[in-house]
Amino acid sequence: MKTVKNFVENGGSYLGICAGGYFACNRIEFDKGGPLEVCGKRQLNFYPGLCVGPVFPGFQYDSESGAHAAGICRPHSNEKDQLQIAPFLCYFNGGGKFVYPDEKTCTGSDSDLDCGDLSKHCSFELSGNTSGPSITVLAEYAELVDRPAAVVKCKVGKGVAILSGIHFEYHAERLNNENTYLASIIPKLLETDSNRLAFLQHILSHLNLNIN
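Predicted model only: the values in this text are computed from it and were never measured.

So, about the overall build of the protein chain. The secondary structure content of the protein chain amounts to five helices and twelve strands. Among the 212 residues that make up the protein chain, the fraction classed as buried is 50%. Contacts in the protein chain between residues far apart in sequence, at least 24 positions, make up 58% of those at least 6 positions apart. For the protein chain, the accessible area works out to roughly 10800 Å², and carbon and sulfur atoms hold 48% of it.

Right under this line is the structure:
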């Protein structure tokens, strides 16, 4: 764990998708109160808040029962990230939403920002801690109340970590169309796949990767 933290803090990049997103938060609440419950603090702490999920029901290990074509959109306004990408449907199975803890204070263009709701603010820094991680919301769950954060970018020392509750890396054509749970969502995913691909390329650029 220390090796990973040192790598990122010294200029490396970390991409955590689904379980990797949960893993890199300060704390997680997975299936809280349910049979699969996993709650507690995590060591990497690239995202200084909480990841809560699954945000859509039905998840079971080694199954596609929780698979969902999640509606994803970019934040309404983001001064630091002006790229316009149309909304898209994205493969989801068990991922979380990123919540900022209420007891923390954050600063930015919205002086009365409720820090528990990242969807109202696209980029902020920890108040009183200028060396702390700055957080940018890169995508939101369009169909959920208050459009919670689905993908966040965290500045960690000299490096960067991107955490995602959605599987934007999945091409729908690679999914098993003979699976009962996937058969109905694959056509939906394909309809906006070009937008997903544009978002994927955008994410890779945030990770300082050469995508040419």
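Further remarks concern the confidence of the model for the protein chain. A low pLDDT score tells you not to read the predicted coordinates there in detail. Residue-level pLDDT values for the protein chain average 84, and 80% of them are 70 or greater. The low-confidence segment residues 103-133 (pLDDT under 50) makes 61 contacts with residues lying over four places distant or belonging to another chain.

For the structure shown, the criterion picks out twelve aromatic pairs. Seen from their ring centres, Phe-30 and Phe-59 are 5.6 Å apart, and the 85° between their planes marks the pair as edge-to-face. Here Phe-30, found in strand S2 (residues 25-30), pairs with Phe-59, found in the loop between strand S4 (47-53) and strand S5 (68-73); they are 29 residues apart in sequence, far enough to count as distant. Taking the relative accessible area as the measure of exposure, Phe-59 reaches 15% and is therefore buried. An angle of 35° between the planes, with centres 6.5 Å apart, marks the rings of Phe-30 and Tyr-61 as tilted.

Within strand S11 (residues 149-156), six of the eight residues are buried, leaving the element largely enclosed by the surrounding structure. The pairing of strand S10 (residues 134-141) with S11 spans five bridges and is classified as antiparallel. Bridged to Glu-140 within S11 is Ala-149. Where S11 meets strand S12 (residues 159-164), six bridges bridge the pair, whose relative direction is antiparallel. Looking across to S12, one finds that Cys-154 is bridged to Ala-161.

Residue Pro-54 is reached from Gly-53 by a cis peptide bond, and omega for that bond is -5°. Looking at the element boundaries, Pro-54 is found in the loop between S4 and S5. Phi is positive for Arg-147, which is not a glycine, with a value near 45°. Examined against the element boundaries, Arg-147 turns out to sit in the loop between S10 and S11.

Tracing the backbone through its elements, the reader meets Glu-29 in strand S2. For Glu-29, a relative accessible area of 17% corresponds to the buried category. Once residues lying within four places of it in the same chain are set aside, the contact partners of Glu-29 are Val-38, Cys-39, Leu-50, Cys-51, Val-52 and Gly-53.

Inspection of every chain in the model, using the stated rule, returns zero disulfides. Cys-25 forms no disulfide, and the closest cysteine sulfur to it belongs to Cys-51, at a distance of 4.6 Å. Looking at Cys-25, the relative accessible area reads 0%, which means it is buried.

In this structure, Val-137 sits in strand S10. Residues Val-137 and Arg-74, 63 residues apart in the sequence, show an inter-C-alpha distance of 8.3 Å.

Evaluation of the coordinates by the stated rule reveals three salt bridges. With a shortest N-O distance of 3.6 Å, Glu-29 and Lys-32 are connected by a salt bridge. In this structure, Arg-147 engages Glu-140 in a salt bridge whose closest nitrogen and oxygen atoms are separated by 2.6 Å.

Rules of the game
One numbering rule holds for all chains: residues counted from 1, following each sequence as written. Predicted model: local features are reported for residues with pLDDT of at least 70 only, side-chain atom pairs are reported and counted for 80 or more only, and whole-chain, interface and lining totals are derived from all residues. To get the side-chain values, all heavy atoms of the structure are used, and hydrogens and water are removed first. Here a helix means four or more residues in a row that DSSP labels H or I, a strand means two or more in a row labelled E, and each is numbered from the N terminus. Only protein chains enter the accessibility calculation, which uses a 1.4 Å probe. A residue is then buried if its area is under 20% of the maximum for its type, exposed if over 50%, and partly exposed in between. Note on contacts: a residue pair is in contact if any heavy atoms of the two residues lie within 4.5 Å. Residue burial considers only the protein chains on display, and all accessible areas are found by Shrake-Rupley using a 1.4 Å probe. Within a predicted model, pLDDT stands for the predictor's per-residue confidence, ranging from 0 to 100. Pairing of aromatic rings covers Phe, Tyr and Trp, the last through its six-membered ring, and needs centres within 6.5 Å; plane angles under 30 degrees mean stacked, over 60 mean edge-to-face, and all others mean tilted. Paired strands, in this sense, are two strands between which DSSP finds at least two bridges. Only a pair of cysteine sulfur atoms within 2.5 Å qualifies as a disulfide here. In what follows, salt bridge is the name for a side-chain nitrogen of Lys or Arg lying within 4 Å of a carboxyl oxygen of Asp or Glu.

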